Amino acid sequence: MSTNTVWHEHHISQKQRSILKKQKPCILWFTGLSGSGKSTVANAVENQLFAMKKHTYLLDGDNVRQGLNKGLSFSEEDRIENIRRVGEVANLFCDAGLVVVTAFISPFAKDRQMVRDMAMQGQFVEVFIDAPLEVCEQRDPKGLYKKARAGEIKDFTGIDSPYEVPVNPELHVVNDGISIEEAATEVVAYLKKNAYI
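Residues numbered from 1 in each chain as written. Predicted model: local features only at pLDDT ≥ 70, side-chain atom pairs only at ≥ 80, totals over all residues. Heavy atoms only, no water.

The protein has the name Adenylyl-sulfate kinase in an unreviewed UniProt entry, where Cycloclasticus pugetii is given as its organism. You can read under Pathway (unreviewed entry) in the UniProt record for the protein the words "Sulfur metabolism; hydrogen sulfide biosynthesis; sulfite from sulfate: step 2/3." The annotation that UniProt attaches to the protein under Sequence similarities (unreviewed entry) is "Belongs to the APS kinase family." (UniProt positions renumbered as here; feature names shortened; annotations may be inferred.)

Below, the structure written as structure tokens:
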């Protein structure tokens, strides 16, 4: 923490922004294996919310690494820093009154807990997009599993690096045998039921 800075209080509160936007801000934290459908479902969720005139922003793992986090590697230390930075940005957008949709493998429970701890009570919604490893490997939209199996990518989640399955996520979506729209509708239904929108 910097010793030469002082927190500047805003005149407009998160509550005021939320009232203006007619929604309760939150961070939808999509987690799951590569190929589980996190980004695809997250995009579909944002599309549904946009059609409902809700105020959202989508933070995607690959996109963030091309800008904000482009200097970070895939070492354990840099993976933690990647998630920490995303958590900070997500919280800023949440403070602005948005429903923040994120899609990050975030394989370690302690990293997901770190972001949960940053958020205000009730504003972190962990969404586990669950698809079996064999299904993710069959999908392999970026060809990463093939490279990992060939030894071209080291420490690949699900192959030679673990994925810690969420123990008690707010929402568990089994993304196998259902359409993307059905998966997205499950998420939007949760937001409605819990008065976020």
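Now that the structure has been shown, we can carry on.
Novice: I'd love a proper account of a negative patch on the surface, names of residues and values included.
Specialist: There is a patch of like negative charges on the surface, built from Glu76, Glu77, Asp155 and Asp160. You can see aspartate 155 is positioned in the loop between α7 (144-149) and β5 (171-174). Under the relative-accessibility criterion, aspartate 155 is labelled partly exposed at 45%. (Patch = residues over 30% accessible without salt bridge, like charges linked within 9 Å, V, L, I, M, F, W, Y side chains within 5 Å. Areas by Shrake-Rupley, 256 points an atom, 1.4 Å probe, with all protein chains shown as cover. Salt bridge = Lys/Arg side-chain N within 4 Å of Asp/Glu carboxyl O. Lys, Arg positive; Asp, Glu negative; His and termini not counted. Charge placed at Lys NZ, Arg CZ, Asp CG, Glu CD. Helix = DSSP H or I, 4+ residues; strand = E, 2+ residues; numbered from the N terminus. Buried < 20%, exposed > 50% of the residue type's maximum accessible area, 1.4 Å probe, protein only.)

Novice: Can you tell me about the UniProt feature "active site" (unreviewed entry) in the protein, naming the residues and giving the values?
Specialist: UniProt marks Ser106 with the feature "active site" (unreviewed entry), using the numbering shown here. Tracing the sequence through the fold places serine 106 in the loop between β3 (99-103) and α5 (109-118). Those residues in contact with serine 106 that lie beyond four places of it in its chain are Trp29, Thr31, Ile83, Arg112 and Tyr163. Of the polar contacts made by the side chain of serine 106, one reaches the side chain of threonine 31; its length is 3.4 Å. (Contact = heavy atoms within 4.5 Å. Polar contact = N/O pair within 3.5 Å; in protein donor to acceptor, adjacent residues only side chain to side chain.)

Novice: So what's going on with the packing of helix α4 (residues 76-95) against α5? Which residues, and what values?
Specialist: At a closest axis distance of 9 Å, the pairing of α4 and α5 adopts a crossing angle of 25°. With respect to each other, α4 and α5 are oriented roughly parallel. You can see that α4 and α5 cross each other, and the crossing is right-handed. From α4, Glu76, Ile80, Ile83, Arg84, Gly87, Glu88 and Asn91 reach across to α5, where they touch Lys110, Asp111, Met114, Val115 and Met118. Partitioned by chemical class, the residues of the contact of α4 with α5 number five nonpolar, two polar and five charged. (Axes fitted to C-alpha atoms, helices over the stretch in contact; angles between N-to-C directions. Parallel < 35°, antiparallel > 145°, perpendicular 65-115°, else oblique. Left-handed = near helix turned anticlockwise from the far one by under 90°. Nonpolar A, V, L, I, M, F, W, Y, C, P; charged D, E, K, R; others polar.)

Novice: Tell me what's going on with the packing of aromatic side chains, and back it up with residues and numbers.
Specialist: Two numbers describe a pair of aromatic rings. These are the distance of the centres and the angle of the planes. Scanning the entire structure with this criterion turns up six aromatic pairs. Members of the aromatic cluster, joined through ring pairs, are Trp29, Phe104 and Phe124. Seen from the ring of tyrosine 196, lysine 24 lies directly overhead, with NZ or CZ sitting 4.5 Å from the centre. Its guanidinium or amino end placed over the ring of phenylalanine 74, arginine 65 lies 3.9 Å from that ring's centre, counting from NZ or CZ. (Phe/Tyr/Trp six-rings, centres within 6.5 Å; stacked < 30°, edge-to-face > 60°. Lys NZ or Arg CZ within 6 Å of the ring centre and 35° of its normal.)

Novice: Break down unusual backbone geometry for me, citing the residues and quoting the values.
Specialist: For serine 106, which is not glycine, the phi dihedral falls at a positive 35°. Take serine 106: its relative accessible area is 4%, and that puts it in the buried class. Even without being a glycine, aspartate 155 presents a positive backbone phi close to 55°.

Novice: Now, about the nonpolar core: what can you tell me, with residues and values included?
Specialist: Grouped together as the largest cluster of nonpolar side chains are 24 residues, with contacts concentrated most on Leu28, Phe30, Val45, Val127 and Val187. Counting only elements with at least two residues in this core, the list comes to β1 (26-31), α2 (38-51), β3, β4 (124-130), β5 and α8 (180-193). Here the element with the most residues in this core is α8; it accounts for six residues. Apart from the residues within four sequence positions on either side, valine 45 is in contact with Leu28, Phe30, Ala184, Val187 and Val188. (Core = buried A, V, L, I, M, F, W, Y, C linked by side-chain atoms within 4.5 Å.)

Novice: Break down the pattern of salt bridges for me, with residues and values.
Specialist: On inspection of all chains with the given rule, the structure shows 10 salt bridges. Ionic pairing is found between arginine 17 and aspartate 95, a salt bridge with its closest N-O pair at 3.4 Å. Of the two residues, arginine 17 sits in helix α1 (residues 14-21) while aspartate 95 sits in helix α4, which places them 78 residues apart along the sequence. Assessed through its relative accessible area of 18%, arginine 17 is described here as buried. With relative accessibility at 28%, the residue aspartate 95 sits in the partly exposed group. In this structure, glutamate 81 engages arginine 85 in a salt bridge whose closest nitrogen and oxygen atoms are separated by 2.8 Å. One end of the pair, glutamate 81, and the other, arginine 85, are both in helix α4, four residues apart, so they sit about a helical turn from each other. Among the residues examined, arginine 85 registers a relative accessible area of 27% and is labelled partly exposed.

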